[in-house]
Amino acid sequence: MKKLIIAIAALAIAAPTVSQASPQSDLNKMKRHFAKKFPGVKYQDYANGIYAISKSRRIEWESMEEFPPYEPGVEIGKSLFKKYKVGKCFKNGGIGIKQNYPYYDGKSGKVRTLEGDLMACLKRNGINTKNEKLQFGKGKFAAIAAYMAFTSRDKTTKVKVPKGKARRIYNKGKNFFYAKRGQLNFSCADCHVYNAGVTLRTNLLSPVLGQTTHFPVYRKKWEATGTSPLHGFGTIQRRYSGCNKMVRAKPLKPKGGKQNQSYVALEYFHTYMSNGLKINAPGVRQ
Amino acid sequence: MQKPAKLIFAASAIAVLLSATLVPVSASAASVEEGKKIAQDRKKGNCTACHAYEGANMPGNAAPPLVAMKARYPDKAKLRAHIFDPTKANPNTIMPPYGKHGILSDKEIDAITEWVHTL
């Protein structure tokens, strides 16, 4: 099955023709698209995903938020953050910094994500990530990232894309977002731009605006896979894997302790599309 | 691959003509049922994810409802071709290319075509 998916994914990624406009004009265009599509939605409310566009689903969500199911996990994330001395690797001791990620690092010529920097930090601090079961995407690792995002609540997403190499990485992410892929032949944009607000069976599709503000997310679906309060957490790249699998495309897993560079580029573009929206992580989702 | 379906269809039409009093338990009826099953199976056609049609259980609303298909597609081959590769008509469509990407087999697409044509 896996092999088949890989073969098909390789076949089915069609190169899209996206314009090379500036990031700011991309974002303005996106905002205009949604202002037209959902005229009743207040811009800041896009940070709430499908709950911005569905009254009935919002009521379910508000009742989940009365006793936030992520709280015990965020507490664990906080104690792990201290235990592994994560603060010393980051600006401002790692508190209230999520809104600036991902950012372009001129020294390495690479885009850095919060999770990428967190993994590098754990290694630099001499933590045996294997023995400690710290892996990208979920569990204890995602809980630390969720705690860091939690301390950034209400700060405004502020991703910068300078000209030059950073712009090229942004465009690579943008291409990824608009490219059809997988056996079922979908682009991210098919679901989260053109068909946002539409339901596929019973799944309501959320708009791309605001999709990154509440990550790492706490999903009931993931929570149900275990008994610890940590099971619900997942990073944005875990979600990318899920959405790729949904269309029978190959998920791009981290390798050798590093995130996949295509997903890093995607996260750069994708988070830029939430610029101006406030961090509200971790969000609760089904 | 178009042939068997047509043949079966012709055969069943003849059977009906020959004996109007007989209940037509034809091969075609069997493939209509089979097509409906494949269409509803989430791991196969999953047409219900996007299309409403008579008797659909919790359909999505991403696509136009499948109604009056015989009137709109008098030529069954055209209908089949659309299911085989909808990107021919619209390169940006979100409808999966069932035949072109090998999501369904030729036989499965034949059966689905039979079913859609009854809607």
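Please refer to the structure placed before this passage.
Every value quoted in this text rests on a predicted model; they were computed, and no experiment measured them.

Asks: Please set out the overall build of chain A residue by residue, giving values where relevant.
Replies: When its secondary structure is counted, chain A shows 11 helices and seven strands. On C-alpha atoms alone, chain A measures out to a radius of gyration of 18 Å, which is about the 19 Å that the 2.2 N^0.38 rule sets for 286 residues. For the C-alpha atoms alone, the extent of chain A along its principal axes is close to 45 × 45 × 40 Å. Relative to its 286 residues, chain A shows a buried fraction of 54%. The contacts of chain A with a sequence gap of at least 6 include a subset with a gap of at least 24, amounting to 73%. Carbon together with sulfur atoms contributes 55% to the accessible area of chain A, which is approximately 13600 Å² in total.

Asks: Break down the interface of chain B and chain A for me, citing the residues and quoting the values.
Replies: Between chain B and chain A, the contact holds 23 residues from the first and 15 residues from the second. Summing both sides of the interface, chain B and chain A together bury roughly 1500 Å²; the carbon and sulfur share of this comes to 51%. It is Asn-61, Ile-94 and His-101 of chain B in chain B that bury the most area against chain A; as a group they hold 35% of the surface buried on that side. Inspection of the chain B/chain A interface yields zero salt bridges. The interface formed by chain B and chain A includes eight residue pairs in polar contact (both at pLDDT 80 or more). Of the residues in the side of chain B that touches chain A, the class split is 10 nonpolar, 11 polar and two charged.

Asks: Let's hear about the state of the cysteines: which residues, and what values?
Replies: Using the criterion set out here, one finds one disulfide over all chains in the structure. The disulfide partner of Cys-89 of chain A is Cys-121 of chain A, and the S-S distance across this bridge is 2.2 Å. Taking the torsion about the S-S bond as the criterion, the Cys-89 of chain A to Cys-121 of chain A disulfide, at about 70 degrees, is right-handed. Of this pair, Cys-89 of chain A sits in the loop between α4 (71-83) and β1 (103-105) while Cys-121 of chain A sits in helix α5 (residues 114-124), placing them 32 residues apart in sequence. Looking at Cys-89 of chain A, the relative accessible area reads 21%, which means it is partly exposed. A disulfide-free cysteine, Cys-191 of chain A has its sulfur positioned 7.5 Å from the sulfur of Cys-243 of chain A, the nearest such atom. With no disulfide of its own, Cys-47 of chain B lies closest to Cys-50 of chain B among cysteine sulfurs, the gap being 8.8 Å. Classification of Cys-47 of chain B as buried rests on a relative accessible area of 12%.

Asks: Could you give an account of the packing of aromatic side chains, naming the residues involved and the relevant values?
Replies: All names here are of chain A. Evaluated as defined, the whole model comprises 15 aromatic pairs over all chains. Taking the centre distance of 5.2 Å and the plane angle of 80 degrees together, the rings of Tyr-218 and Phe-233 count as edge-to-face. Taken together, the positions of Tyr-218 in strand β5 (residues 217-219) and Phe-233 in strand β6 (residues 233-234) put the pair 15 residues apart, joining distant regions of the chain. A residue is classified by how much of its surface remains accessible, and Tyr-218, at 2% relative accessible area, is buried. The exposure class assigned to Phe-233 is buried, which follows from its relative accessible area of 0%.

Asks: Please provide a residue-by-residue account of the pattern of salt bridges, values included.
Replies: All names here are of chain A. Per the counting criterion, the structure on display carries 14 salt bridges over all chains. A salt bridge links Arg-58 to Asp-45, with the nearest nitrogen and oxygen atoms 3.0 Å apart. Of this pair, Arg-58 sits in helix α3 (residues 55-66) while Asp-45 sits in the loop between α2 (23-37) and α3, placing them 13 residues apart in sequence. With a shortest N-O distance of 3.6 Å, Glu-223 and Lys-220 are connected by a salt bridge. Here the residue Glu-223 and the residue Lys-220 both occupy positions in helix α9 (residues 220-223), the gap between them amounting to three residues, near one helical turn. Look at Glu-223 and you get partly exposed, because its relative accessible area is 22%.

Asks: So what's going on with the packing of α4 of chain A against helix α6 (residues 139-150) of chain A? Which residues, and what values?
Replies: Residue and element names in this part refer to chain A. Direction vectors running N to C along α4 and α6 enclose 95 degrees, while the axes themselves pass 7 Å from each other. Taken together, the axes of α4 and α6 are roughly perpendicular relative to one another. Where α4 approaches α6, its residues Gly-73, Val-74, Gly-77, Lys-78, Leu-80 and Phe-81 are matched on the opposing element by Lys-140, Ala-143, Ile-144, Tyr-147, Met-148 and Phe-150. Looking at the contact of α4 with α6 residue by residue, the class counts come to eight nonpolar, two polar and two charged.

Asks: A description of the environment of Thr-199 of chain A should follow, citing residues and the corresponding values.
Replies: Within the secondary structure, Thr-199 of chain A sits in strand β3 (residues 199-200). Apart from the residues lying within four places of it in its own chain, the contact partners of Thr-199 of chain A are Leu-204 of chain A together with Ala-49, Gly-60, Asn-61 and Ala-62 of chain B.

Asks: Mind laying out α3 of chain A, listing which residues take part and the relevant values?
Replies: All names here are of chain A. A rise of 1.5 Å per residue sets the reference length of α3, with its 12 residues, at 16 Å; its end C-alpha atoms lie 17 Å apart and thus fit the reference within 8%. Of the positions making up α3, those classed as buried are Arg-57, Trp-61 and Met-64. An end-on view of α3 places all buried positions within 55 degrees of arc, on one side of the element. For α3, the exposed residues lying more than 90 degrees away from the buried face are Lys-55, Ser-56, Ile-59 and Glu-66. Considering only its buried residues, α3 is in contact with β4 (203-204), α9 and β7 (284-285).

Thresholds, definitions, all that
Residues numbered from 1 in each chain as written. Chains lettered and ligands numbered in written order. Predicted model: local features only at pLDDT ≥ 70, side-chain atom pairs only at ≥ 80, totals over all residues. Heavy atoms only, no water. Helix = DSSP H or I, 4+ residues; strand = E, 2+ residues; numbered from the N terminus. Rg over C-alpha atoms; globule rule 2.2 N^0.38 Å. Buried < 20%, exposed > 50% of the residue type's maximum accessible area, 1.4 Å probe, protein only. Contact = heavy atoms within 4.5 Å. Areas by Shrake-Rupley, 256 points an atom, 1.4 Å probe, with all protein chains shown as cover. Buried area = accessible area lost by both parts, 1.4 Å probe. Salt bridge = Lys/Arg side-chain N within 4 Å of Asp/Glu carboxyl O. Polar contact = N/O pair within 3.5 Å; in protein donor to acceptor, adjacent residues only side chain to side chain. Nonpolar A, V, L, I, M, F, W, Y, C, P; charged D, E, K, R; others polar. Disulfide = S-S within 2.5 Å. Phe/Tyr/Trp six-rings, centres within 6.5 Å; stacked < 30°, edge-to-face > 60°. Axes fitted to C-alpha atoms, helices over the stretch in contact; angles between N-to-C directions. Parallel < 35°, antiparallel > 145°, perpendicular 65-115°, else oblique. Expected span 1.5 Å × (residues − 1). Arc of directions from axis to C-beta.

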